[in-house]
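# Structure at a glance
Listed below are the residues making up each chain.
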Amino acid sequence: QVQLVESGGGLVQAGGSLRLSCAASGRTFSSYAVGWFRQAPGKEREFVAANSWSGGNTDYADSVKGRFTISRDNAKNTVYLQMDSLKPEDTAVYYCAATYGSNWYLRLNEYAYWGQGTQVTVSS
């Protein structure tokens with residue numbers, strides 16, 4: 001089992017930045033691929049970013065490419081999502097996810113473990 005706890009959400013003006021953190025506990029975190037997803041009110045949960053177990057491979061949704069950066073510190077069992085140049089349409093609950101494997105994954109159903117989410121609100 002892996003437990004995930006997100007933090008770092010909040011209210012920010014358009015153009016601003018936030019850094020989300022996802023702290024993992026449980027099994028050896030370095031064996032798990034990780035991802036960030038988000039869900040806006042009335043919309044389905046969508047992929048944001050993914051990172052392989054080693055941190056060497058990443059992928060991003062087109063809507064966040066060039067603005068968001070996923071990274072991880074396996075020594076600290078923590079995954080980060082640096083969000084820059086935020087837009088009102090980035091407003092959502094952001095979820096951290098993890099799954100055992102050496103690849104990186106883009107689909108919700110490929111992830112076995114989920115955090116409780118953290119709210120990000122971007123004002124215009």
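Scroll up for the structure.
Residues numbered from 1 in each chain as written. Predicted model: local features only at pLDDT ≥ 70, side-chain atom pairs only at ≥ 80, totals over all residues. Heavy atoms only, no water.

### Re the sheet that holds strand E1 (residues 2–7)
With antiparallel pairing, the four strands of this open sheet are ordered in space as E1-E3-E8-E7. Every interior strand has two partners, whereas the edge strands, E1 and strand E7 (68–73), have only one. Neighbour to neighbour, the strand axes of the sheet diverge by 15° on average, direction disregarded. In this sheet, strand E3 (residues 18–26) lies alongside E1 in antiparallel orientation, the contact comprising six bridges. In the strand pairing of E3, valine 2 is matched with glycine 26. (Pairing = 2+ DSSP bridges. Helix = DSSP H or I, 4+ residues; strand = E, 2+ residues; numbered from the N terminus. Axes fitted to C-alpha atoms, helices over the stretch in contact; angles between N-to-C directions.)

### Topic: unusual backbone geometry
For asparagine 77, which is not a glycine, the phi torsion comes out positive at approximately 55°. Mapped onto the elements, asparagine 77 comes out in the loop between E7 and strand E8 (78–83). For asparagine 77, a relative accessible area of 23% gives the class partly exposed. Although it is not a glycine, serine 85 sits at a positive phi angle of roughly 50°. Looking at the element boundaries, serine 85 is found in the loop between E8 and strand E9 (92–100). (Buried < 20%, exposed > 50% of the residue type's maximum accessible area, 1.4 Å probe, protein only.)

### Overview of the nonpolar core
By size, the foremost hydrophobic cluster in this structure holds 36 residues, and its most contacted members are Leu4, Trp36, Leu81, Met83 and Tyr94. When contributions to this core are tallied by element, the ones reaching two or more residues are E1, E3, strand E4 (32–39), strand E5 (46–51), E7, E8, E9 and strand E11 (118–123). (Core = buried A, V, L, I, M, F, W, Y, C linked by side-chain atoms within 4.5 Å.)

### A closer look at the pattern of salt bridges
Scanning the model with the defined rule gives five salt bridges in all. We note a salt bridge from glutamate 46 to arginine 38, for which the minimum N-O separation is 2.7 Å. The class of arginine 38 is buried, set by a relative accessible area of 6%. Across the salt bridge formed by arginine 107 and glutamate 110, the nearest N and O atoms sit 3.8 Å from each other. Here the salt bridges do not stand alone but share partners, grouping Arg38, Glu46, Arg67 and Asp90 into one network. (Salt bridge = Lys/Arg side-chain N within 4 Å of Asp/Glu carboxyl O.)

### So, the side chain of arginine 38
Structurally, the position occupied by arginine 38 is in strand E4. Here the side chain of arginine 38 touches serine 63 through a polar contact of 3.4 Å, side chain to side chain. For arginine 38, the side chain forms a polar contact with the side chain of tyrosine 94, separated by 2.9 Å. If near-sequence neighbours (up to four positions away) are discounted, arginine 38 is found in contact with Glu44, Arg45, Glu46, Val48, Ser63, Val64, Phe68, Glu89, Asp90, Ala92, Val93 and Tyr94. (Polar contact = N/O pair within 3.5 Å; in protein donor to acceptor, adjacent residues only side chain to side chain. Contact = heavy atoms within 4.5 Å.)

### Considering the pairing of E11
The side-chain alternation of E11 yields one buried face, formed by Thr118, Val120 and Val122, and one unburied face, formed by Gln119, Thr121 and Ser123. In this sheet, E11 lies alongside strand E2 (residues 10–13) in parallel orientation, the contact comprising four bridges. Across the sheet, glutamine 13 pairs through a bridge with serine 123, a residue of E11. Inspection of the sheet shows E9 paired to E11 by three bridges, in the antiparallel sense. Bridging across to E11, alanine 92 finds its partner in valine 120.

Honestly, it's all geometry; don't read function into it.
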